[in-house]
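Below, each chain spelled out in residue letters.
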Amino acid sequence: MRSILYIFLFSSILLTSVPAADAAGVKEIYRFYCAQCHGLEGKGDGINNREEMPVTPRDHTSAGEMGKLTDEDIISVIKEGGAATSKSTLMPPFMKTLTDDEIIGLKDYLRELCKC
Amino acid sequence: MFNKKIFSFFAVFFLCFLFTGANDLYARDGAALFTQNKCNACHQVEGPATDKTIEDLLRRNGPELWYAGSKFRPGFLGKWLADPQPIRPMEYYSLTEPNKNDHPRLPSEEAKAVAAYLMTLTSGDVGGAGIVARKNIKGKKVFAKEFSCYGCHQMRSRGHIMGGLSGPSLAGARERLNPEWVYAYMVRPKVFKPVKDMPVYSGLVNDKKMRNLSEYVSNLD
């Protein structure tokens, strides 16, 4: 009886929880906000990657670079910007621009890009 | 003596009437020219902002002008419409196509009339904050160090144009932008652009910094 109750409760939570941003939506968000610096394919070659910039945008397809970051690191950088992790302030904070679900969706998308 | 006073009064009255009346006529001509030249195919002139999704924004070919009179400095639009120079290094919200610099060029008198019309389009959300364009060192710190705004916006630095290409250039902002609008755009961005590729800083940056930043930006040459 108790296990049925647990299954019922778990199903209710799943059904009522806010869905994470869908894959197509996340890709659109990436290409709109992130691609300006990181490039449409995530290789760090966006149009803002200029010679005069003090740092180059991270290559999101590099498993070597991206593999060093935990999910929390990625979420924190997207939310609070580069300054939050002692990186360049060229990476802006998106906490007032994107929802938590969209940020988690972006983190998952970055994991897909780097395959890491 | 009395006659002189009456004469002066009527002369001033007549000149004021002539000026405001002529300006009004100019603006009406400008509105007609705006429609005639199909400018509204690319520019929204009736507020409020309507974009809800990224797709909505990407469908646009040019900036909204329903608050042009609040955004631009007097005199800028007339000159620009007669001799348009790219404000964005790239095509409108494009990440692949450089600006083709193919905005229609208007004859000088038409440009003045269209500008007079556009300057009548204002937003009640702009003004009264006491923002003035000035060399603001604290604002420069926010711009260059705290948020690296040059990452997306070009600017003039020691005689050279530098900076990212995705946003509108801020070189020449002093001639182009109303300082009050820069501030209003920073603190209430959704009024003007509910969807935009620039992050929202409102709520992240305190009002003092927003003021300093707005003053610095609107003074860039």
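Residues numbered from 1 in each chain as written. Chains lettered and ligands numbered in written order. Predicted model: local features only at pLDDT ≥ 70, side-chain atom pairs only at ≥ 80, totals over all residues.

**Quick notes on the interface of chain B and chain A**
It is common to give the size of an interface as the accessible area that goes away when the parts come together. Using the following cut-off: We call two residues in contact when the distance between their C-beta atoms, placed using the backbone, is within 7 Å. Put simply, Ala, Val, Leu, Ile, Met, Phe, Trp, Tyr, Cys and Pro go in the nonpolar bin, Asp, Glu, Lys and Arg in the charged bin, and everything else, Gly too, in the polar bin.
Contacts between the two partners involve 19 residues from chain B and, on the opposite side, 21 residues from chain A. Here the side of chain B that touches chain A is built from residues that sort into ten nonpolar, six polar and three charged.

**Quick look at the nonpolar core**
Residue and element names in this part refer to chain B. Quick note on the threshold: By convention in this section, buried Ala, Val, Leu, Ile, Met, Phe, Trp, Tyr and Cys residues joined through C-beta atoms within 7 Å make up a nonpolar core. Here exposure depends only on C-beta density: within 10 Å of a residue's C-beta, 20 or more other C-beta atoms make it buried, 12 or fewer make it exposed, and intermediate numbers make it partly exposed, the C-beta atoms being placed from the backbone. For the purposes of this entry, the term helix denotes a DSSP run of H or I that reaches at least four residues, the term strand denotes a run of E that reaches at least two, and both are numbered from the N terminus. Domain segmentation is taken from an automatic or database assignment of domains.
Of all hydrophobic cores here, the largest spans 43 residues; its most connected members are Val114, Ala115, Leu118 and Val217. At the level of elements, α4 (76-82), α5 (108-118), α6 (137-146), α8 (179-187) and α10 (207-217) are the ones that each hand at least two residues to this core. Both domains that furnish three or more residues to this core are identified here as domain 1 (2-118) and domain 2 (137-217).

**Observations concerning the packing of α8 of chain B against α10 of chain B**
Residue and element names in this part refer to chain B. Inclusion rule: Only the stretch in contact is used when fitting a helix axis, every axis being a line fitted to C-alpha atoms; angles between N-to-C directions are given from 0 to 180 degrees. In this scheme, roughly parallel covers angles under 35 degrees and roughly antiparallel covers those over 145, while 65 to 115 is roughly perpendicular and the rest are oblique. Crossing handedness: left-handed means the near helix sits turned counterclockwise from the far one by under a right angle, and right-handed means the same turn made clockwise.
At a minimum axis distance of 9 Å, the contact between α8 and α10 shows a crossing angle of 135 degrees. Here α8 lies oblique to α10, going by the angle between them. As for the relative orientation of α8 and α10, their crossing is right-handed in sense. Counted together, Pro179, Val182, Tyr183, Met186 and Val187 of α8 and Met210, Arg211, Leu213, Ser214, Glu215 and Val217 of α10 form the full contact between these two elements. A breakdown of the residues in the contact of α8 with α10 according to their chemical character gives eight nonpolar, one polar and two charged.

**Looking at helix α4 (residues 71-80) of chain A**
Residue and element names in this part refer to chain A. Selection criterion: It is the directions from the helix axis to the C-beta atoms that the arc portrays.
Among the residues of α4, those classed as buried are Ile74, Val77 and Ile78. Take α4 and look down its axis: the buried residues cluster within an arc of 95 degrees, on one side only. If you follow the buried residues of α4, they end up packed against α5 (100-114). Looking one or two places after α4, you find Gly81, whose phi comes out positive at around 90 degrees.

**A few points about the environment of Gly105 of chain A**
Residues and elements named next belong to chain A. Mapping Gly105 onto the fold places it in helix α5. For Gly105, a count of 22 C-beta atoms within 10 Å corresponds to the buried category. Along the sequence, Gly105 and Gly64 sit 41 residues apart, while their C-alpha atoms lie 21 Å from each other.

**Points about the packing of α6 of chain B against α10 of chain B**
Residues and elements named next belong to chain B. Two elements in contact, α6 and α10, have axes separated by 7 Å at closest approach and are oriented at 90 degrees. Put simply, α6 runs roughly perpendicular to α10. Residue-level inspection shows Lys138, Gly139, Lys140, Val142 and Phe143 of α6 in contact with α10, the latter providing Lys209, Asn212, Leu213, Glu215, Tyr216 and Val217. Looking at the contact of α6 with α10, its residues break down into five nonpolar, two polar and four charged.

**Regarding the domain arrangement of chain B**
Residues and elements named next belong to chain B. The domain architecture assigned to chain B consists of domain 1 (2-118) and domain 2 (137-217). At the interface, 19 residues of domain 1 touch 17 residues of domain 2. When residues of the side of domain 1 that touches domain 2 are traced back to their parent elements, those giving at least two are α2 (54-58) and α3 (68-71). Split by residue class, the side of domain 1 that touches domain 2 holds eleven nonpolar, two polar and six charged.

**Some remarks on the confidence of the model for chain A**
We apply this condition: A score between 0 and 100, pLDDT records how confident the predictor is in each residue.
On average, residues of chain A score 88 in pLDDT, and 82% of them are at 70 or above. Contacts for the low-pLDDT stretch residues 7-19 of chain A, under 50 throughout, to residues beyond four places or in other chains number one contact.

**Examining α10 of chain B**
Residues and elements named next belong to chain B. Counting buried positions along α10 gives eight out of eleven residues, so the element sits mostly inside the fold. Turning to α10, its buried residues number three or more, namely Met210, Arg211, Asn212, Leu213, Ser214, Glu215, Tyr216 and Val217. For α10, the elements touching its buried residues are α6, α7 (173-176) and α8.

**A short note on the environment of Lys138 of chain B**
Note on placement: Lys138 of chain B falls in helix α6. For the pair Lys138 of chain B and Asn219 of chain B, spaced 81 residues apart in sequence, the C-alpha separation works out to 13 Å.

**What to know about the confidence of the model for chain B**
On average, residues of chain B score 92 in pLDDT, and 89% of them reach the 70 mark or higher. Across the predicted assembly, pTM comes out at 0.87 and ipTM at 0.87.

**Considering the environment of Gly124 of chain B**
Residue and element names in this part refer to chain B. Among the secondary structure elements, Gly124 is positioned in the loop between α5 and α6. Among the residues examined, Gly124 registers 10 C-beta atoms within 10 Å and is labelled exposed. Separated by 31 residues in sequence, Gly124 and Tyr93 place their C-alpha atoms 27 Å apart.

**Digging into unusual backbone geometry**
Residues and elements named next belong to chain B. Between Gly47 and Pro48 the backbone carries a cis peptide bond, its omega angle lying at -5 degrees. The phi dihedral of Tyr93 falls on the positive side, at around 55 degrees, and the residue is not glycine. For Tyr93, a count of 17 C-beta atoms within 10 Å translates into the label partly exposed.

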